[in-house]
Amino acid sequence: MQPNMLILDDDRTFARSAGELASQEGFSVHLAHTLRQARESVGCTRMDLMLVDLGLPDGSGMDLIHEIDLTRHGQIAIVTAQPTLESAQRAVSSPAVEYLIKPLHGNQYTSLLHRVLQRTGKGAAPLDCPAVRGLTGRSAAMHSVFRAIQRIGPADASVLLVGESGTGKEVVARALHEASGRQGAFVAINCGAVPAELLASQLFGHERGSFTGAHARHQGVFEQAANGTLFLDEITEMPLALQVYLLRVLETGTVTRVGGVEATATPVRIVAATNRDPLAAIASGRLREDLYYRLADIPLNLPPLRERGDDVLLLAELFIERLNERYGGSKYLLPGSEASLLQHPWPGNVRELRSAVQRAYLLDSGDALQVRPNSVMAPALHESEQAILFKVGMSLSEVERKVLLKTLAHCNHDKTAAARMLGISVRTVHNQLARYAQGSSDGDVAA
């Protein structure tokens, strides 16, 4: 069944052109040029999308929005050739999800049409994304991730996943394991969650009596994941001393338990992950450069939710559907609430969205859910390849240090290029790096 669309506009040329494009996308279009005609259309037909002009011969399009039963209809968008602050404020306070200004840009209009098609399930996805269990998305960014999983899954190469917290790094790691066809287990360990003094035992195992409390032989995660996949999460949180030993294990393909002398073969595929910029982690001394190149046979960047466009709405609908299955409900996303979801930066990414949906599902009294981001938390600021985050009270020396290390990472550690970009001499760069290295050595000794 085709989705229904009402176009209410007294500009007949605009209405006809917009209607033709919507028809090509699969909509059944109803044209109205007055409020009276629009009232007749919405009175007998449920509209999946309404494109409403403000200035009409017999009133304003806002009058229609205030009159109709909003729970009966779908998405609403206001369109006007004469935008004003007052009309924009009224639109924001109304259930309208878009405030469009004529002339409409093609991408803006078609994006709106595609979102409605996806939401109603009456249109095809704009991208033919291969199915990957546990991952959902129709955006170009996720399409690239899906394709990469299919291509590199069966390979033996190590993969380094880079992405913010909540972007689904472990889900992607599991998808890579399933695509690999390996018969062994998928084993995950968070290198930042295990105390440093216990991490070696967890990774490589230990022999009985090798340290206090070692009452029996223990297999580490390398042996547990034999012929399978080992997921090393937050790899940049691993102590440098263990990074040296990890590199040796990866190079030799064998592991020696703590307190042992016998090397055991470890046929394991490694997938590592970090929420830090790995090159910045190398520059700051948190990650060994040789280990980075060994882990990152194939680096794969996972996009934050704010860069995935309409995937936010797709995921929100999916989470509601799963909660309906769990609790036997029939709740749905409130028409008109899409704008706030699309505009929020989602610093916690998919994890934050899932929590927001669950909170609305359990706390809202009706079936129409108003999914609200957690306004108590200020939007988080994130560093990127092009940006550095400073805090009030930082010393000037620390500011200089961050600027130099970040610029070096940006220039792929080309000191001459970094010096030119910063407007200083190459000698100054060398002197500063030597000073940082000396300070790090002093700190190790003191510790």
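*Asks:* Would you mind showing me how to read the sheet that holds strand β8 (residues 159-162) here?
*Replies:* Paired through backbone hydrogen bonds, the strands of a sheet run either parallel or antiparallel to each other. Strand order in the open sheet made by the five strands is β9-β10-β13-β8-β14, with parallel pairing throughout. For this open sheet the edge positions go to β9 (186-190) and β14 (298-301), each flanked by a neighbour on one side alone. Across the sheet, the mean angle from the axis of one strand to that of its neighbour is 20°, orientation sign disregarded. Two strands pair when backbone bridges link them, and β8 and β14 are joined in this way by four bridges, in the parallel orientation. Note that in β14 the partner of Leu161 across the bridge is Leu300.

*Asks:* Would you take a moment to explain the nonpolar core for this structure?
*Replies:* Nonpolar side chains in soluble globular proteins generally cluster together in the buried interior. Counting residues in hydrophobic clusters, the biggest one holds 34 residues, and the most contacted among them are Leu230, Leu232 and Ile235. The biggest single contributor to this core is helix α10 (residues 240-252), with five residues. Not counting the four nearest positions on each side in its chain, Leu232 is found in contact with Ile189, Cys191, Leu203, Leu246, Ile270, Val271, Ala272 and Ala273.

*Asks:* Looking at this model, I keep getting lost on the layout of surface pockets. Mind explaining?
*Replies:* Left-over empty space is what a probe sized like a water molecule reveals as it rolls over the atoms. Reported here for the second largest pocket is a volume of approximately 540 Å³. As for the second largest pocket, its lining consists of 26 residues, and the residues nearest its centre are Thr167, Gly168, Lys169, Val171 and Arg354. Contributing elements (two or more residues each) for the lining of the second largest pocket: α7 (169-180), α13 (311-327) and α15 (349-363). Considering every element that reaches the lining of the second largest pocket, the biggest residue donor is α7, with six residues.

*Asks:* Explanation requested: the pattern of salt bridges in the structure shown.
*Replies:* This structure, assessed with the given rule, holds twelve salt bridges. Ionic pairing is found between Glu67 and Arg39, a salt bridge with its closest N-O pair at 2.7 Å. Taken together, the positions of Glu67 in helix α3 (residues 61-67) and Arg39 in helix α2 (residues 35-44) put the pair 28 residues apart, joining distant regions of the chain. Of the residues examined, Arg39 reaches a relative accessible area of 36% and is grouped as partly exposed. In this structure, the salt-bridge partner of Glu223 is Arg257, at a minimum N-O distance of 2.9 Å. Separated by 34 residues along the polypeptide, Glu223 in helix α9 (residues 221-224) and Arg257 in the loop between β11 (254-256) and β12 (263-265) bring together distant segments of the chain.

*Asks:* Any chance you could explain unusual backbone geometry here in plain terms?
*Replies:* In terms of backbone geometry, most residues other than glycine have negative phi values and most peptide bonds are trans. Even without being a glycine, Asn227 presents a positive backbone phi close to 65°. With respect to the helices, strands and loops of the structure, Asn227 is situated in the loop between α9 and β10 (229-233). On the basis of relative accessible area, Asn227 is assigned to the partly exposed category, the value being 46%. For Asn349, which is not glycine, the phi torsion reads 60° and is therefore positive. For Asn349, the position within the fold is in helix α15.

*Asks:* Before we go on, may I ask you to explain a nonpolar patch on the surface in this structure?
*Replies:* On the surface, Tyr327, Leu362 and Leu363 cluster together into a nonpolar patch covering about 350 Å² of accessible area. Tracing the backbone through its elements, the reader meets Leu363 in helix α15.

*Asks:* Please clarify how α13 should be interpreted in this entry.
*Replies:* Because an α-helix completes one turn every 3.6 residues, residues spaced three or four positions apart along the sequence face the same direction. Look at α13: 24 Å from first C-alpha to last across 17 residues, which is about the 24 Å you get at 1.5 Å a residue. Of the residues one or two after α13, Gly328 is the one with positive phi, at around 70°.

*Asks:* I tried to follow the packing of α13 against α15 on my own but got confused; where do I start?
*Replies:* How two helices pack is summed up by the angle between their axes together with the distance between the axes. In the contact formed by α13 and α15, the axes pass within 10 Å of each other and the chain directions differ by 45°. The angle between the axes of α13 and α15 places the two elements in the oblique class. Along this stretch, α13 crosses α15, giving a crossing that reads as right-handed. Residues Val312, Leu315, Ala316, Phe319, Ile320, Leu323, Asn324 and Tyr327 of α13 pack against Val350, Leu353, Arg354, Val357, Gln358, Tyr361 and Leu362 of α15.

Parameters and conventions
- Residues numbered from 1 in each chain as written.
- Predicted model: local features only at pLDDT ≥ 70, side-chain atom pairs only at ≥ 80, totals over all residues.
- Heavy atoms only, no water.
- Pairing = 2+ DSSP bridges.
- Helix = DSSP H or I, 4+ residues; strand = E, 2+ residues; numbered from the N terminus.
- Axes fitted to C-alpha atoms, helices over the stretch in contact; angles between N-to-C directions.
- Core = buried A, V, L, I, M, F, W, Y, C linked by side-chain atoms within 4.5 Å.
- Buried < 20%, exposed > 50% of the residue type's maximum accessible area, 1.4 Å probe, protein only.
- Contact = heavy atoms within 4.5 Å.
- 1 Å grid on protein atoms, 1.4 Å probe; cavity = no way out; pocket = protein on both sides within 12 Å on 5 of 7 lines; lining within 4 Å.
- Points joined across faces, edges and corners; volume = space filled by probe spheres on them.
- Salt bridge = Lys/Arg side-chain N within 4 Å of Asp/Glu carboxyl O.
- Patch = residues over 30% accessible without salt bridge, like charges linked within 9 Å, V, L, I, M, F, W, Y side chains within 5 Å.
- Areas by Shrake-Rupley, 256 points an atom, 1.4 Å probe, with all protein chains shown as cover.
- Expected span 1.5 Å × (residues − 1).
- Parallel < 35°, antiparallel > 145°, perpendicular 65-115°, else oblique.
- Left-handed = near helix turned anticlockwise from the far one by under 90°.

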